[in-house]
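Take a look at the letters that make up each chain.
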Amino acid sequence: MFSTSNSLSSLPNSVKAQTDTTKCLSGWGTMTELRDEGHVECPLCGTSLPLSAVVTAGSSLVCTNCEFQLTGCSAVKAARQVLARMGLRLNSDENRAALFCQCMACVLYVVRSFPFVESLQEQCWTLLFHLTEGSGIKHTVDRTSFSTLLAGMKALSCNSIIQQTACLVLSHLSLDNPENKQEIALCGGIECILLAMTLNHTNVPIVKSAFLTLLCLVNGNLDNCRDIFLDSGISLVLQAMRMHIQNPNIQGMSCELLLNLAFDWDLKNKIGVKGGINSLIVALQTYPTNAAVQVSACGALWNVSVNHSENQVQIAQTGSRHIIGTMKNHLENSVLQENACGILNNLALSPVIARSLAKEGGVSCILETMKYHASVGILQAAACATLINFSNSIGNDLQIGKDGVLAIVSAIRAHSNTLVQQNGCAILHSLSRNIEYRTFIFREGGVECVLKAMKALPHTPLVQQHSCGVLMELASHRDFQIPLASQGAITCVLEAMSNTPLHAKIQQNACGFLWNITTDNTKNKKRVVEEGGIPCILQAMRCNPEAMKVQYNACGALLNLAYSTDTIHAMLEMGAKLCVHNAMTKHPQVLYLAPSLVSLFKWNQNLLLKCYIYALCCLLFILCICWRHHT
């Protein structure tokens, strides 16, 4: 880490000036030769001293060796020439890296000693700019040094040259350097940058430099920045956006800054309250062909809409048409498409908004994106996730047609990553609840993809849950029962049940599948029994006693599998009677199957009567609670 303790007194003698030209410094009354970088020769005693050995004494400087007093004019000129000599050496990344500590120490000394000499301060910041601009410069600067630099920046906050250069220096130092980001924020760097924006709000270069620096500081360092932005920062950012609406660079950087700030919920809320959503949508409107602005604006709208219903409503009311428009205009831009899908994903959580977006062409845009970017896995996952929310919100009203199903199946087939498999199976599960889409899914290869996903990701619960759900819905179609079994669906489902006995959703869908695939199909009944289906069903019932749908579907599957005396006897030996009895006692809904179950296990009719009485009592209890709540 660089520290101010590394003063110019430790400068190596090998750092020599490229010329021995003698310089005349007015006010000294004699000639002084600047022989070394950062060294001056006292005109009285002739001693070569490092600049740090010359200490401040009011408006003058005093040589610590002979106490000769130098006038302010000569001291400034000496400092200026020392800085100029150093600047000549910064002509490569190697030299900048080697001279970083020496140059920084010299600059810090001058900034402290001449805080209001603007020309000298400008020279200091220019030197720092060249010192830090190299891609290889990744030095860490300590807090004391940053405090000195920021104090100098703040003291001359109306000097546009210093403010712009200082912002650029801070951006260089903070880029990909977490330690420097944190120190700058803790030393008040963000306040200084915002002050520069406020006092120079019409100066486009300063505003652009300030936004660039804020982006570097905020990225990955939000915890140290949030308070100042909550206080006044967001208002200043939005003010700059509105004032510089005709500058696409400022619009793009401000959108990117809001994108980063919106990761914090309080800042996200502040952006919505202060009119930030409207500013983002105006940026979309103003620059429809500027891909950079569109990407950043959509990314910011995506973040501000996450888990924030008020912001979602704002975006839907004023921006949905523009978001869909930018998806159509920039179909080839995968990053923009991902950001736009993220926005639609959040908005589609509301059934009202989802229906409106579907009418405006939101769903068709998503499908076009999936077809155009078939090879981009992360975009396929985002598109499927968005379709899930649309499907959950508007149900059977979601119309994606055969081509839409084919796009989803193609995504699952082409991308093995977990997110695509998970989201793809989930949207197929949602669509399969619609009778019309079951045929599409089956004929377009959906079963093959789902079974492949189950085998490839046996320990990913959501993949198993939704895959079993798809198979359950398809198995309710009589024509698909035999093909499903022949493709290995029964084996895959039983393996999922064995691997995740405590996952109620998987067990629920799996038992439902076994119920459906064995309905009026003796061949499949035998196959399920032979592959160990009965123990899996009873295990599901024992492990999930409170899950009503697991118990209900399991009882239905057991009824279908009791197709012979041998299987009934096997069930009884495995404890099926107790499992069913517990299910009927805990869950009145299971009583719908009670007559068949009582007949199956040859229970006394009194047991059936007791179960019905229990169910009636539960119903009366619920009605009483509702009546009391109503009154």
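Residues numbered from 1 in each chain as written. Predicted model: local features only at pLDDT ≥ 70, side-chain atom pairs only at ≥ 80, totals over all residues. Heavy atoms only, no water.

Secondary structure summary: the chain contains 35 helices and seven strands in total. Burial status across the chain gives 55% buried among its 631 residues. (Helix = DSSP H or I, 4+ residues; strand = E, 2+ residues; numbered from the N terminus. Buried < 20%, exposed > 50% of the residue type's maximum accessible area, 1.4 Å probe, protein only.)

Moving on: the packing of aromatic side chains. What the rule picks out here adds up to three aromatic pairs. Residues Tyr-437 and Phe-440 carry aromatic rings whose centres are separated by 5.9 Å and whose planes lie at 70° to one another, so their mutual orientation is edge-to-face. A residue pair is termed a helical-turn pair when its members lie 3 or 4 positions apart in one helix, as Tyr-437 and Phe-440 do in helix H23 (residues 435-443) at three residues. Relative accessible area serves as the criterion here: at 1%, Tyr-437 is assigned to the buried category. The exposure class of Phe-440 is partly exposed, given its relative accessible area of 22%. (Phe/Tyr/Trp six-rings, centres within 6.5 Å; stacked < 30°, edge-to-face > 60°.)

So, on to the environment of Gln-337. With respect to the helices, strands and loops of the structure, Gln-337 is situated in helix H17 (residues 334-347). Separated by 39 residues in the primary sequence, Gln-337 and Cys-298 have C-alpha atoms spaced 8.9 Å apart. Not counting the four nearest positions on each side in its chain, Gln-337 is found in contact with Thr-326, Met-327, His-330, Leu-331, Thr-369, His-373 and Leu-379. Polar contacts involving the side chain of Gln-337 include one to the main-chain carbonyl oxygen of His-330, which spans 2.9 Å. (Contact = heavy atoms within 4.5 Å. Polar contact = N/O pair within 3.5 Å; in protein donor to acceptor, adjacent residues only side chain to side chain.)

Turning to unusual backbone geometry, a few remarks are in order. A positive phi angle, near 55°, is found at Asp-176, a position not held by glycine. As for its placement among the helices and strands, Asp-176 is situated in the loop between helix H6 (160-174) and helix H7 (178-186). Positive phi, close to 55°, is recorded for Asp-520, a residue that is not glycine. Under the relative-accessibility criterion, Asp-520 is labelled exposed at 67%.

Helix length check: helix H31 (residues 548-561), at 14 residues, gives a terminal C-alpha distance of 20 Å against a target of 20 Å (1.5 Å per residue), a fit within 8%. Along H31, 10 of the 14 residues are buried, which leaves the element largely enclosed by surrounding structure. (Expected span 1.5 Å × (residues − 1).)

Once that is clear, we can look at helix H22 (residues 418-432). Turn by turn, an α-helix covers 3.6 residues, leaving residues three or four places apart pointing in a common direction. Taking 1.5 Å per residue as the helical rise, H22 with its 15 residues ought to reach 21 Å, and the 21 Å between its terminal C-alpha atoms agrees with that figure. Most of H22 is tucked away, with 13 of its 15 residues classed as buried. Taking the backbone nitrogen of Leu-419 as reference, a side-chain oxygen 3.2 Å away marks Asn-417 as the first, capping residue of H22.

Further remarks concern the environment of Lys-525. Structurally, the position occupied by Lys-525 is in helix H29 (residues 522-530). For the pair Lys-525 and Leu-514, spaced 11 residues apart in the sequence, the C-alpha separation amounts to 8.7 Å. Dropping the residues within four chain positions of it, Lys-525 is found in contact with Thr-518, Asn-560, Leu-561 and Tyr-563.

For the structure shown, the criterion picks out nine salt bridges. Notably, a salt bridge pairs Glu-133 with Arg-96, separated by 4.0 Å at the nearest N-O pair. With a gap of 37 residues between them, Glu-133 in the loop between helix H4 (118-132) and helix H5 (143-155) and Arg-96 in helix H2 (residues 93-98) connect regions that are remote in the sequence. Salt-bridge contacts for Glu-183 lead to Arg-143; the nearest nitrogen and oxygen are separated by 2.7 Å. On the criterion of sequence distance, the pair formed by Glu-183 in helix H7 and Arg-143 in helix H5 is long-range, its members being 40 residues apart. (Salt bridge = Lys/Arg side-chain N within 4 Å of Asp/Glu carboxyl O.)

So, about the side chain of Asn-221. Residue placement: Asn-221 occurs in the loop between helix H9 (204-218) and helix H10 (226-243). At 3.2 Å, the side chain of Asn-221 forms a polar contact with the backbone oxygen of Lys-181. In contact with Asn-221, other than residues within four places in its own chain, are Lys-181, Gln-182 and Ala-185.

With that settled, consider the confidence of the model for the chain. Per-residue pLDDT for the chain has a mean of 84; in total, 81% of the residues score no lower than 70. Long-range and interchain partners of residues 1-37, a stretch whose pLDDT sits below 50, account for 94 contacts in this model, where long-range means more than four residues apart. Segment residues 52-60 is flagged for pLDDT under 50; beyond a separation of four residues in sequence, or across chains, it makes 22 contacts in the model. (pLDDT = per-residue confidence, 0-100.)

The next thing to look at is the side chain of Thr-132. Within the secondary structure layout, Thr-132 lies in helix H4. Polar side-chain contacts of Thr-132 include one of 3.0 Å to the side chain of His-172.

Here we take up the packing of helix H28 (residues 504-517) against H31. Each packed pair of helices is defined by two parameters, the angle between the axes and the distance between the axes. Put simply, H28 and H31 touch, their axes get as near as 8 Å, and they point 25° apart. Classified by the interaxial angle, the pair formed by H28 and H31 is roughly parallel. In the packing of H28 onto H31, the handedness of the crossing is left-handed. Contact with H28, carried on its side by Ala-504, Gln-507, Gln-508, Cys-511, Gly-512, Leu-514 and Trp-515, involves Lys-549, Val-550, Tyr-552, Asn-553, Ala-554, Gly-556, Ala-557 and Asn-560 of H31 and no other residues of that element. Taken together, the residues that form the contact of H28 with H31 break down as eight nonpolar, six polar and one charged. (Axes fitted to C-alpha atoms, helices over the stretch in contact; angles between N-to-C directions. Parallel < 35°, antiparallel > 145°, perpendicular 65-115°, else oblique. Left-handed = near helix turned anticlockwise from the far one by under 90°. Nonpolar A, V, L, I, M, F, W, Y, C, P; charged D, E, K, R; others polar.)

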